[in-house]
Amino acid sequence: MSRDRYDPLQMSLHWLMALLIFSAFGLIWYFNSLELGPQTFKLKFQIIAWHKWAGISVMFLLILRLAWRLGRGAPAPLPNQPAWQLKAAASIHHLLYLLMFALPCIGWLMSSAKGYSVVLFGEWPLPDLVGKNAELGETLATIHYYLGYTLLALVVLHAAAAIKHHLIDRDATLSRMLPWGR
């Protein structure tokens with residue numbers, strides 16, 4: 001890997017995971033906008049399945065991404081970055097990784113507790129992680145909700161920082177993660 005850029009697999013995983021995360025939000029927002037009725041029941045069931053697929057896929061891709069990063073490393077920070085920005089970036093990355101793992105796990109636990117199995121891509125049933133428990137399911141739903149919006153806020157902050165580096169600082173922070181970057 002070039003010392004100043006991420007490699008093609010790291011870039012691909014980054015952008016695929018970003019797409020899946022935004023898709024999961026779009027799907028759940030659409031799901032919540034639909035009234036439950038005879039015409040929407042099947043559609044809502046499919047949308048929530050797609051939401052689960054996106055989340056579980058992010059979790060598995062994260063494992064691959066972290067394993068690859070451990071083996072390949074990442075580019076060194078750009079020179080002349082203020083120490084507070086380096087610390088903030090590292091903290092946000094660690095929180096993003098934590099939430100990209102925890103959020104799907106909590107969603108999976110929630111589905112199990114509510115009595116709805118997760119069937120990945122409609123083909124592979126994943127084991128229920130806990131027995132059916134309505135109270136636990138509601139608690140996990142609340143946690144999932146708030147952690148989801150925490151993840152969204154961190155993703156927006158991450159993107160805003162990358163855009164700030166590109167447009168204001170005019171450095172290579174963003175281009176290092178773009179396939180067509182210099």
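Every residue gets a number counted from 1 within its own chain, in the order that chain's sequence is written. Per-residue local features are limited, in this predicted model, to residues with pLDDT of at least 70; the limit for side-chain atom pairs, both in listing and counting, is 80 or more; totals at the level of whole chains, interfaces and linings are taken over all residues. Note: side-chain values were computed over all heavy atoms of the structure, leaving out hydrogens and water.

Per an unreviewed UniProt entry, the protein chain goes by Cytochrome b and derives from Jeongeupia chitinilytica. Looking at the protein chain in UniProt, the text filed under Subcellular location (unreviewed entry) is "Cell membrane". UniProt positions are given in the numbering used here, feature names are shortened, and annotations may be inferred rather than shown by experiment. One UniProt comment on the protein chain, placed under Sequence similarities (unreviewed entry), says "Belongs to the cytochrome b561 family."

Q: Just checking my understanding: could you explain the UniProt feature "domain: Cytochrome b561 bacterial/Ni-hydrogenase" (unreviewed entry) in the protein chain for this structure?
A: Mapped onto the present numbering, the UniProt feature "domain: Cytochrome b561 bacterial/Ni-hydrogenase" (unreviewed entry) falls on residues 5-179. Note on conventions: DSSP H or I runs of at least 4 residues are helices, E runs of at least 2 residues are strands, and numbering of each starts at the N terminus. Taken end to end, residues 5-179 has its terminal C-alpha atoms 9 Å apart, with 71% of it in helix and 2% in strand.

Q: Teacher, can you tell me more about a nonpolar patch on the surface here?
A: What makes a patch is a set of residues exposed beyond 30% relative accessible area and free of salt bridges, joined within 9 Å when like-charged and within 5 Å when nonpolar (Val, Leu, Ile, Met, Phe, Trp, Tyr). Calculation of accessible area relied on Shrake-Rupley with a 1.4 Å probe; when residues are assessed, cover is drawn exclusively from the protein chains displayed. Any carboxyl oxygen of Asp or Glu within 4 Å of a side-chain nitrogen of Lys or Arg constitutes a salt bridge here. Side chains of Trp 29, Tyr 145, Tyr 146 and Tyr 149 sit close together on the surface and give an oily, nonpolar patch of about 470 Å² of accessible area. Here the nonpolar patch gets 3 residues from one element, more than from any other, and that element is helix α4 (residues 134-169). Relative to the assigned elements, Tyr 145 resides in helix α4. The exposure class of Tyr 145 is partly exposed, given its relative accessible area of 46%. Per-residue accessibility, obtained with a 1.4 Å probe over protein chains only, is compared with the maximum for each type, and a residue is labelled buried under 20%, exposed over 50%, and partly exposed between these values.

Q: Where do I start with helix α1 (residues 8-33) in this structure?
A: For an α-helix the count is 3.6 residues per turn, leaving residues at separations of three or four pointing the same way. In this model, α1 (26 residues) spans 37 Å end to end at C-alpha, consistent with the 38 Å of a helix rising 1.5 Å per residue. Here a polar contact is taken to be a pair of N or O atoms separated by no more than 3.5 Å, where protein atoms must pair a possible hydrogen donor with a possible acceptor and residues adjacent in sequence count only if both atoms sit in side chains. Sitting at the head of α1, Asp 7 places a side-chain oxygen 3.0 Å from the backbone nitrogen of Leu 9. For a helix, the expected span equals 1.5 Å multiplied by the number of residues minus one.

Q: How should I be thinking about the UniProt feature "transmembrane region" (unreviewed entry) in the protein chain in this particular structure?
A: Taking the UniProt record as the reference, the feature "transmembrane region" (unreviewed entry) is found at residues 12-30, 50-68, 88-110 and 143-163. Along residues 12-30, the helical share is 100% and the strand share 0%, with 27 Å between the first and last C-alpha atoms. Split by type, residues 143-163 is 100% helix and 0% strand. Its first and last C-alpha atoms lie 30 Å apart.

Q: Could you clarify how one ought to interpret the packing of aromatic side chains in this entry?
A: The description of an aromatic ring pair rests on the distance of the ring centres and on the angle between the ring planes. Each aromatic pair joins two rings of Phe, Tyr and Trp (for Trp, the six-membered one) with centres within 6.5 Å, and gets the label stacked for planes under 30 degrees apart, edge-to-face for over 60, and tilted for any other angle. Evaluated as defined, the whole model comprises 6 aromatic pairs. Judged by centre distance (6.1 Å) and plane angle (65 degrees), the ring pair of Phe 25 and Tyr 149 falls under edge-to-face. Placement of Phe 25 in helix α1 and of Tyr 149 in helix α4 is noted, with a sequence separation of 124 residues between them. Grouping aromatic residues by their ring pairs yields a cluster made of Phe 25, Trp 29, Tyr 145, Tyr 146 and Tyr 149. We note Lys 44 situated over the ring of Phe 31; from NZ or CZ to the ring centre the distance is 4.3 Å. Counted as over-ring charges are cases with an Arg CZ or a Lys NZ within 6 Å of the ring centre that also lie within 35 degrees of the ring normal.

Q: In this structure, what is going on with the environment of Ser 12? I would like to understand it.
A: In this fold, Ser 12 is placed in helix α1. Classification of Ser 12 by relative accessible area gives partly exposed; the value is 46%. Sequence spacing of Ser 12 and Leu 99 is 87 residues, and the spatial spacing of their C-alpha atoms is 20 Å. Only 2.8 Å separates the side chain of Ser 12 from the backbone oxygen of Pro 8, close enough to count as a polar contact.

Q: Help me out: how do you make sense of helix α3 (residues 83-113) in this one?
A: Its 31 residues place the ends of α3 44 Å apart at the C-alpha level, agreeing with the 45 Å of an ideal helix rising 1.5 Å per residue. Note on α3: the residue one or two positions beyond its end, Gly 115, has a positive phi of about 85 degrees.

Q: What am I meant to see in the pattern of salt bridges here?
A: It is possible for side chains bearing opposite charge to pair when their charged atoms get close. Using the criterion set out here, one finds 3 salt bridges in the structure. For Asp 7, the salt bridge goes to Arg 72, with nearest N and O atoms at 3.3 Å. Taken together, the residues Asp 7 in the segment before α1 and Arg 72 in helix α2 (residues 41-72) connect sequence positions 65 residues apart. Owing to a relative accessible area of 5%, Asp 7 belongs among the buried residues under this scheme. Lys 164 serves as the salt-bridge partner of Asp 169, at 2.5 Å between the closest nitrogen and oxygen. Residue classification places Asp 169 among the partly exposed residues on the basis of a relative accessible area of 34%.

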